[in-house]
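Fold and geometry: a report
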Amino acid sequence: MSAKLRAQGARVLAAVLDEGRSLNEALPAAQGALANPKDKALLQALCFGALRQYRLLDTALGQLMDKPLKGKTRILHQLLVLGLYQLFFSRIPAHAAVGETVAAAPLLGQGKLKGLVNGVLRNAERQGQALLDGAARNKAVASLHPDWLLGRLRKAYPEQWQAIIDANNTQAPLWLRANQRVQDRSAYLALLEKAGISAESEQSLTSGFKLVEAQDVTTLPGFSDGALSVQDGAAQFAAELLAPKDGERILDACAAPGGKTAHILELADAKVTALDVSEQRLERVSENLARLGFKAKVVAADASQRDWWDGVAFDRILLDAPCSATGVIRRHPDIRWLRRDQDIRELAKLQAAILDNCWAMLKPGGTLLYATCSVLPEENGAQIQAFLSRTPDATLAPVRDGESAAQPGWQLLPGDKEMDGFFYARVLKKP
């Protein structure tokens with residue numbers, strides 16, 4: 001445990017909350033400054049935890065301060081949030097949590113305010129749980145969600161919103177997918193059992209299972225040889241619902257980081273194009289394909305445009321559309337603070353543009369599977385309703401019982417079977 005670790009944690013929180021950067025971007029850079037693997041793991045645990053509990057901790061901190069920290073001293077606000085998280089939600093002894101957090105202030109260029117940091121954390125320690133209980137009397141604060149998102153969830157899911165936010169506030173299990181080209185799930189689970197690793201299979205999935213206790217996937221049997229992939233259970237339905245066949249020409253639009261691309265190739269000897277607008281994220285696609293022993297055409301281009309396309313129509317298209325990612329908050333706790341209410345309308349417009357563009361590249365008689373990791377109707381059911389109404393040659397191919405053009409698609413909610421929130425709708429192009 002070190003002051004440097006706490007300083008890096010404050011920088012990560014500031015990057016996310018004050019600069020709007022993603023945790024996936026900010027955390028690895030901060031971990032790079034730490035040499036000890038245990039320190040890297042602790043930094044990750046503290047940052048994830050503090051972002052999950054941020055609204056509660058931020059409110060409690062406001063009760064401890066006479067006035068908010070601004071300008072150059074704002075970084076101490078995030079350092080104090082990190083300190084409060086250690087005091088109330090970690091197993092770190094209070095003296096270490098306070099001492100190392102205070103010692104981090106000079107590393108952030110705020111050595112003159114060490115006394116302030118010490119005083120606030122000592123006061124919090126004295127007040128104990130009563131401090132958090134007072135902050136949590138506000139039900140919106142207790143939800144740990146921003147007001148705009150809480151309002152949308154309550155409107156869309158009047159009977160389920162509480163279960164959704166409860167799921168969002170828990171840590172997601174580690175889901176994996178056995179590579180059927182190497183061995184089936186039963187054979188791989190036998191390997192895990194032999195290695196003393198407990199796992200649970202999910203019967204609604206062909207190859208998916210979750211570990212009872214998460215661990216470094218690179219240490220699992222056969223990982224480096226392509227025996228398995230990390231992929232949430234809900235995301236594993238994508239390739240199965242697409243139902244690829246040998247020899248087909250398939251587009252995986254918005255493909256990064258490549259889990260669904262690989263899964264398609266596990267199911268069929270298809271000619272797959274993996275498309276994504278981010279060249280950097282496509283590096284992950286290429287790395288994953290190489291580890292698993294698959295080949296696909298990897299293209300950096302905008303899925304709402306066709307300037308990259310060779311003019312030959314696709315048999316099937318998987319469109320995992322850009323979305324609010326409100327179904328994966330438990331896995332990415334920064335999402336609730338990076339998204340804004342006004343983002344949803346803009347995302348829905350982008351999704352519609354990509355849908356229309358991909359449809360033009362689909363063969364008559366072909367299949368398009370629309371997917372998001374969102375739980376918001378504007379991006380999901382309402383999006384498909386609008387698409388069907390403006391697209392005469394599109395017809396819904398239900399993926400579950402009870403679907404209709406008026407209520408299209410399949411919405412999985414966060415926590416269903418311990419999976420992420422996901423939406424699927426399958427559409428056929430009339431011959």
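Residues numbered from 1 in each chain as written. Predicted model: local features only at pLDDT ≥ 70, side-chain atom pairs only at ≥ 80, totals over all residues. Heavy atoms only, no water.

**A few points about the UniProt feature "active site" (unreviewed entry) in the protein chain**
Under the convention used in this document: UniProt positions are given in the numbering used here, feature names are shortened, and annotations may be inferred rather than shown by experiment. Numbering of helices and strands runs from the N terminus; a helix is a DSSP stretch of H or I covering at least four residues, while a strand is a stretch of E covering at least two. The contact criterion used throughout is that any non-hydrogen atoms of two residues lie within 4.5 Å.
Taken from the UniProt record, the annotation "active site" (unreviewed entry) applies to Cys373. Summarising the element assignment, cysteine 373 is placed in the loop between β9 (362–372) and α18 (381–390). Ignoring anything within four residues of it in the chain, the contact list for cysteine 373 reads Cys323, Ala325, Thr326, Gly327, Val328, Gly421 and Phe422.

**Re the side chain of glutamine 231**
Threshold: Buried means the residue's accessible area, taken with a 1.4 Å probe over protein chains only, is under 20% of the maximum for its type, while exposed means over 50%, and partly exposed covers the values in between. Pairs of N or O atoms are called polar contacts if they sit within 3.5 Å, as long as, within protein, a hydrogen donor faces a hydrogen acceptor (for residues adjacent in sequence, only side-chain-to-side-chain pairs).
With respect to the element layout, glutamine 231 can be found in the loop between β4 (228–230) and α13 (237–242). Overall, the relative accessible area of 6% leaves glutamine 231 in the buried class. At 2.5 Å, the side chain of glutamine 231 and the side chain of arginine 177 are in polar contact. Glutamine 231 has contacts with Trp175, Leu176, Arg177, Gln236, Gly259, Lys260 and His263, leaving out every residue within four places of it along the chain.

**Topic: the packing of aromatic side chains**
Cut-off, in case you're wondering: Only Phe, Tyr and Trp rings take part, Trp by its six-membered ring, and two of them pair if their centres are within 6.5 Å. Stacked means planes under 30 degrees apart, edge-to-face means over 60, and tilted covers everything else.
Under the definition given, this model contains eight aromatic pairs. Seen from their ring centres, tyrosine 54 and tryptophan 337 are 6.0 Å apart, and the 65 degrees between their planes marks the pair as edge-to-face. On the criterion of sequence distance, the pair formed by tyrosine 54 in helix α4 (residues 54–64) and tryptophan 337 in helix α16 (residues 335–338) is long-range, its members being 283 residues apart. Both residues of the pair, tyrosine 54 and tryptophan 337, belong to the buried class. Taken together, a centroid distance of 5.8 Å and an interplanar angle of 35 degrees make the contact between tyrosine 188 and phenylalanine 209 tilted. Highlighted residues: tyrosine 188 in helix α12 (residues 185–194) and phenylalanine 209 in strand β3 (residues 208–211), separated in sequence by 21 residues.

**Observations concerning the domain arrangement of the protein chain**
Definition in use: Annotation comment: domain bounds sourced from an automatic or database domain assignment. For this analysis, a salt bridge means a side-chain nitrogen from Lys or Arg found within 4 Å of a carboxyl oxygen belonging to Asp or Glu.
With domains assigned, the protein chain is organised as domain 1 (3–143), domain 2 (175–230) and domain 3 (233–429). Every contact between the two is made by twelve residues of domain 1 and, on the other side, eight residues of domain 3. In this assembly, domain 1 and domain 3 are joined by zero salt bridges. Counting every contact that joins domain 1 to domain 3 gives three residue pairs in polar contact (both at pLDDT 80 or more). The set of elements that each furnish at least two residues to the side of domain 1 that touches domain 3 consists of α1 (3–17), α2 (23–31), α3 (37–52) and α4. Looking at which element gives the most residues to the side of domain 1 that touches domain 3, the answer is α3, with three residues.

**A look at the environment of aspartate 147**
Mapped onto the elements, aspartate 147 comes out in helix α10 (residues 147–156). Overall, the relative accessible area of 51% leaves aspartate 147 in the exposed class. The sequence separation of aspartate 147 and aspartate 341 amounts to 194 residues, and the corresponding C-alpha distance is 9.4 Å. Residues in contact with aspartate 147, not counting those within four places in the same chain, are Arg55 and Ala140.

**Here we look at the sheet that holds β4**
Let me state the cut-off plainly: Note on pairing: DSSP must find at least two bridges between two strands before they are called paired. Throughout, an axis means a line fitted to C-alpha atoms (over the contacting stretch in the case of helices), and angles, computed between N-to-C directions, take values from 0 to 180 degrees.
The four strands are arranged β2-β3-β1-β4 in an open sheet whose pairing can be described as antiparallel. The open sheet is flanked by β2 (199–201) and β4, the only strands paired with a single partner. Taking each pair of neighbouring strands and ignoring which way they run, the sheet shows an average axis angle of 30 degrees. Judged from the three bridges that link them, β2 and β3 form a sheet pairing that is antiparallel. If you follow serine 201 over to β3, its bridge partner there is phenylalanine 209. Contacting β1 (175–178), β2, β3 and β4, α12 runs over the sheet at an angle of about 15 degrees to β3.

**Comments concerning the pairing of β3**
Burial along β3 is two-sided: Gly208 and Lys210 facing one way and Phe209 and Leu211 facing the other are all buried. As judged from the three bridges shared by β1 and β3, these two strands associate in the antiparallel manner. Across the sheet, the residue bridging to leucine 176 is phenylalanine 209, located in β3. Linking two consecutive strands that pair antiparallel, namely β2 and β3, is a turn of six residues.

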